[in-house]
Protein chains: 2
Amino acid sequence: MSSKATTIADVAARAGVSVPTVSRVLTGSARVSQAKKDAVEAAIAELNFRPSAAARMLASRRSQVIAIVAGDTSRYGYAETIRGVEEAARAQGYTVMITVVESQDDDEVARAISATLAQSVAGIVVLKFDAPGVAVLRQLPPDVPVVALSGVRDVGTPQAVLDETRAAEELTSFLLGLGHATVHHVRVPPSRREDGRTTGWRRALRKAGAPVPVPLDATWEPRSGREIGHALATDPSVTAVFCGNDEIAMGVIRGLNDAGQRVPEDVSVVGFDDHPLAELWSPPLTTARQDFAGLGRRGFQLLLDVLGGSTERLYSSERPEVVHRESAAEPRPRAAVREARSVPAGA
Amino acid sequence: MSSKATTIADVAARAGVSVPTVSRVLTGSARVSQAKKDAVEAAIAELNFRPSAAARMLASRRSQVIAIVAGDTSRYGYAETIRGVEEAARAQGYTVMITVVESQDDDEVARAISATLAQSVAGIVVLKFDAPGVAVLRQLPPDVPVVALSGVRDVGTPQAVLDETRAAEELTSFLLGLGHATVHHVRVPPSRREDGRTTGWRRALRKAGAPVPVPLDATWEPRSGREIGHALATDPSVTAVFCGNDEIAMGVIRGLNDAGQRVPEDVSVVGFDDHPLAELWSPPLTTARQDFAGLGRRGFQLLLDVLGGSTERLYSSERPEVVHRESAAEPRPRAAVREARSVPAGA
DNA sequence: ATGAAAGCGCTAACAC
DNA sequence: GTGTTAGCGCTTTCAT
């Protein structure tokens, strides 16, 4: 696709050597005399030659391309994770292609897998953050080098995890320790029946003997949190809320504010992720910091280990750190609820 | 990389036909009798055969892969644009690979271009949002199918644009129309000497005969806006601020608040992009809505036109729409400035 | 150390 | 319609 179709044969001719010799200097697979090496390199530069990755893959049956399979690419955690994988891959000379799986529908999952495998990738990193990711992992042929990235440890596939269960438990316990009778929970769409964040929250409540309220479901849209905030405002028993992520927490706080409730004076709200805007919010969000880019980097490293034939139990776990800011406080008698202002039409 | 190395020859043998016939049903390049077609499809399914994209590209000299070249992948505008390109590409059966260019440094730009071109891509979409993007565009060989995505119209390369100059001018004029003597400007790192947003702002001020303050420079980090907000708070002549993007606007508002200034009562602040959190911020942000995903989709469509050999002047422009919310108001005598609280250490 | 020959898995002519 | 014959641009034996 570059200039004309400058091939390795052109380079060989120009340098006065054989084709395999050019290949040797290209790949460094065997020693070549300095003289020929220089000649080849000069010819390559003059001809502005670029080897064809396709021909290379075909002949060598090896590939320097990895695929990232994800249910989304632009939401905060996904985008950061992808950035981490790409960064680490690039540093090792790998190219990254990306496959999006829209749903856990069989056809869609099969389509995504086919599209990915057709590209002769060296390996695959799947973001197991949601149902599509889980489905892909389950349907992938067993002999493909793959690593999963997620929030909960699992058996089987090599994986890098951000242990959200422990962090959620810690965050919930912190709220309970402040004196709240219980902690309500607003969750984002879970990857399976229950996310680690929800499990951790439940575990903390159980351990403390606190009642376990029914979790409320938000979508990925921050504004869905706002509506839930309106609802939460009408329930005086709600004094602390643990949200599935910071963006939902911001929405919930906004909804609570619409209804005249202050955070943290009337209701404490904590998020998850430590989104870049969490520290700038009013009030600054207490949350758990997730190093998504780091997760991506660890994931790629693991993939490299798999590719290297490592036989170890491939696994890397890290625990998000709770960041204490100002959105959580001791419970106090709540202010009177006022009618939630409806969301402006053009908003 | 899939199962073993099931090839088209295995399929042919199993189906009792020749290799090209299998190829024909695979590509639909020629009619094949229904009987053989069925046999081939059955064999493909039984063998779980997946054609090798590498072999295909090599033999046909065509590719179903496009590359997105970008200076960043996770920031809001970038991530959304990438999402749009990927979505449109996937809908047409294309696979997307992504190349990140870290800087405008010659070596880095050359590395990115080489990595991209080596993959035998059908075409390239470059995000000309920053200096690295501009540099890549300039150094790309002239015969590569490419389209640029940006905020300012340019000559040369086919491109899809989001006309930020006009939108910035409109936003600034709106502020001036409210009665502000001038509008200060906080810009994000520009793609060249000056971004369209800055140009539009300047143009509006000139047209109105308003003084043109020196623009302030933020980084891409929202918190850099906060520090600028602190500085702005000490200058009583500042009554309206136009920020390069919403995240910086949020930081500026926060900084202003730290110093006891209210928005919009004391200072009006407007952003750019209509970030998903802009409507949830306090106060909700007046801004210009940028349809980045749409830009990405239009960009891919343009690339398809280029690939189709279209000889038209390939160009697609759209103008961001100003969204009026609550962060801008008429100027009023400002409240006394109080010492800006320093940013919390752990924040 | 270097060249000749033989493919990698597929598509593209070209016959029939 | 369908099979035969040639490659695509590289890497890989295998000689030398």
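Chain A has the name LacI family DNA-binding transcriptional regulator in an unreviewed UniProt entry, where Agromyces tropicus is given as its organism.

What follows deals with the overall build of chain A. In terms of regular secondary structure, chain A is built from twelve helices and twelve strands. Relative to the compact-globule value of 20 Å for 347 residues, chain A shows a C-alpha radius of gyration of 26 Å, a clear excess of over 25%. Its C-alpha atoms put chain A at 90 × 45 × 40 Å along the principal axes. Here chain A, with 347 residues, has 57% of them falling under the buried criterion. Taking the contacts inside chain A whose residues are at least 6 apart along the sequence as the reference set, 72% of them involve residues at least 24 apart. Of the roughly 14,400 Å² of accessible surface on chain A, 50% is carried by carbon and sulfur atoms. Each charge class in chain A can be summarised by its mean position, and for the 40 positive and 42 negative side chains these summaries are 5 Å apart.

Across the contact, 61 residues belong to chain A and 61 residues belong to chain B. Summed over both sides, the interface of chain A with chain B buries roughly 5,100 Å², with 57% coming from carbon and sulfur. Glu102(A) serves as the salt-bridge partner of Arg90(B), at 3.2 Å between the closest nitrogen and oxygen. One can count 18 residue pairs in polar contact (both at pLDDT 80 or more) joining chain A with chain B. Contributing elements (two or more residues each) for the side of chain A that touches chain B: helix H4 (53-60), helix H5 (76-91), strand E2 (95-100), helix H6 (106-118), helix H10 (222-233) and helix H11 (246-258) of chain A. Split into classes, the residues belonging to the side of chain A that touches chain B amount to 31 nonpolar, 13 polar and 17 charged. One ladder, built from three bridges, connects E2(A) with strand E2 (residues 95-100) of chain B; its direction is antiparallel. By the bridge assignment for E2(B), Ile98(A) is matched with Val96(B).

For the rest of this paragraph, the subject is the relation of the copies chain A and chain B. When chain A is fitted to chain B, the residual RMSD is 0.1 Å, and the transformation amounts to a turn of 180° plus an axial shift of 0.0 Å. In the structure described here, the two chain copies are related by an operation that fits a two-fold rotation axis. Relative to the rotation axis, the C-alpha of Met97(A) is the closest in chain A, positioned 1.9 Å from it. Most of the interface of chain A is mirrored in chain B, where 100% of its interface residues are also at the interface.

By secondary structure assignment, the location of Leu216(B) is in strand E7 (residues 216-217). Taking the C-alpha atoms as reference points, Leu216(B) and His185(B), 31 residues apart in sequence, are found 6.2 Å from one another.

Attention now goes to the packing of helix H1 (residues 8-15) of chain B against helix H2 (residues 19-27) of chain B. Residues and elements named next belong to chain B. It is the contact of H1 with H2, at a shortest axis distance of 8 Å, that shows an interaxial angle of 105°. Judged by the angle between their axes, H1 and H2 are roughly perpendicular. On H2, the residues touching Ile8, Ala9, Val11 and Ala12 of H1 are Val19, Val22, Ser23 and Leu26. The residue makeup of the contact of H1 with H2, split by class, is seven nonpolar, one polar and no charged.

Turning our eyes to something else, we now look at the protein's contact with DNA strand C. Neighbouring DNA strand C are 28 residues, the closest being Arg24(A), Ser33(A), Ile8(B), Ser23(B) and Arg56(B). In this structure, Ser52(B) approaches DNA strand C through a main-chain N or O atom, which is 3.2 Å from a phosphate oxygen. Broken down by secondary-structure element, the contributors of at least two residues to the surface near DNA strand C are helix H2 (19-27) and H4 of chain A together with H2 and helix H4 (53-60) of chain B. Ranked by the residues each element gives to the surface near DNA strand C, the list is headed by H2(B), at five residues. Among the residues forming the surface near DNA strand C, the class breakdown is 13 nonpolar, eight polar and seven charged.

This part is about the sheet that holds strand E9 (residues 268-270) of chain A. Residue and element names in this part refer to chain A. The strand order E7-E6-E8-E9 describes an open sheet built from four strands, whose pairing is parallel. Each edge of the open sheet is held by one strand with a lone partner, namely strand E7 (216-217) and E9. Where strand E6 (residues 184-187) meets strand E8 (residues 240-243), three bridges bridge the pair, whose relative direction is parallel. Its bridge partner being in E8, Val186 is matched across the sheet by Cys243. In the packing of H11 onto the sheet, the strands contacted are E6, E8 and E9, and the crossing angle to E9 comes to about 160°.

Time to look at the sheet that holds E2(B). Spatial strand order, E11(A)-E5(A)-E4(A)-E3(A)-E1(A)-E2(A)-E2(B)-E1(B)-E3(B)-E4(B)-E5(B)-E11(B): twelve strands in an open sheet with mixed pairing. Every other strand in the sheet has two partners, leaving strand E11 (315-318) of chain A together with strand E11 (315-318) of chain B as the edge strands with one partner each. Recorded for the sheet is a direction-independent mean angle of 20° between the axes of neighbouring strands. Across four bridges, strand E1 (residues 65-70) of chain B lies against strand E3 (residues 123-127) of chain B in parallel orientation. Bridged to Ile68(B) within E3(B) is Val125(B).

This part covers the domain arrangement of chain A. Residue and element names in this part refer to chain A. The assigned domain composition of chain A is domain 1 (8-144) and domain 2 (164-289). Domain 1 and domain 2 are separated by 41 Å when their C-alpha centres are compared. The partner domain 2 presents eight residues to the eight residues of domain 1 that form the contact. When the two sides are added together, the surface that domain 1 and domain 2 hide from each other amounts to roughly 630 Å², 59% of it contributed by carbon and sulfur. At the boundary of domain 1 and domain 2, one finds zero residue pairs in polar contact (both at pLDDT 80 or more).

For the bond from Ser282(A) to Pro283(A), the omega torsion is -5°, close enough to zero to count as cis. For the peptide bond that leads from Val263(B) to Pro264(B), omega is 10°, which places it in the cis range. For Pro264(B), the position within the fold is in the loop between helix H11 (246-258) and strand E9 (268-270). Notably, Arg61(B) is not glycine yet its phi reads approximately 55°, a positive angle. Residue position: Arg61(B) is located in the loop between H4 and E1. A residue is classified by how much of its surface remains accessible, and Arg61(B), at 70% relative accessible area, is exposed.

One finds Ile66(A), Leu127(A), Leu149(A), Ile66(B), Leu127(B) and Leu149(B) to be the most contacted residues of the largest nonpolar core, which totals 56 residues. In this view, Ile66(B) contacts Val85(B), Ala89(B), Tyr94(B), Thr95(B), Val96(B), Met97(B), Val121(B), Gly123(B), Val125(B), Phe300(B) and Leu303(B); residues no more than four positions away in its chain are not counted.

In the neighbourhood of DNA strand D, 29 residues make up the surrounding shell, with Ile8(A), Ser23(A), Arg56(A), Arg24(B) and Ser33(B) lying closest. The sugar-phosphate share of atoms of DNA strand D within 4 Å of the protein amounts to 66%. Between DNA strand D and the protein, one listed contact pairs a phosphate oxygen with a side-chain N or O atom of Ser18(B) at 2.7 Å. Of all elements in the fold, only H2 and H4 of chain A together with H2 and H4 of chain B reach the threshold of two or more residues within the surface near DNA strand D. A total of five residues in the surface near DNA strand D trace back to one element, the largest contributor, which is H2(A). Of the residues contributing to the surface near DNA strand D, the split by class is 13 nonpolar, eight polar and eight charged.

Conventions adopted
Residues numbered from 1 in each chain as written. Chains lettered and ligands numbered in written order. Predicted model: local features only at pLDDT ≥ 70, side-chain atom pairs only at ≥ 80, totals over all residues. Heavy atoms only, no water. Helix = DSSP H or I, 4+ residues; strand = E, 2+ residues; numbered from the N terminus. Rg over C-alpha atoms; globule rule 2.2 N^0.38 Å. Buried < 20%, exposed > 50% of the residue type's maximum accessible area, 1.4 Å probe, protein only. Contact = heavy atoms within 4.5 Å. Areas by Shrake-Rupley, 256 points an atom, 1.4 Å probe, with all protein chains shown as cover. Lys, Arg positive; Asp, Glu negative; His and termini not counted. Charge placed at Lys NZ, Arg CZ, Asp CG, Glu CD. Buried area = accessible area lost by both parts, 1.4 Å probe. Salt bridge = Lys/Arg side-chain N within 4 Å of Asp/Glu carboxyl O. Polar contact = N/O pair within 3.5 Å; in protein donor to acceptor, adjacent residues only side chain to side chain. Nonpolar A, V, L, I, M, F, W, Y, C, P; charged D, E, K, R; others polar. Pairing = 2+ DSSP bridges. Least-squares fit on C-alpha atoms with pLDDT ≥ 70 in both. Axes fitted to C-alpha atoms, helices over the stretch in contact; angles between N-to-C directions. Parallel < 35°, antiparallel > 145°, perpendicular 65-115°, else oblique. Near = heavy atom within 4 Å. Domains from an automatic or database assignment. Core = buried A, V, L, I, M, F, W, Y, C linked by side-chain atoms within 4.5 Å.

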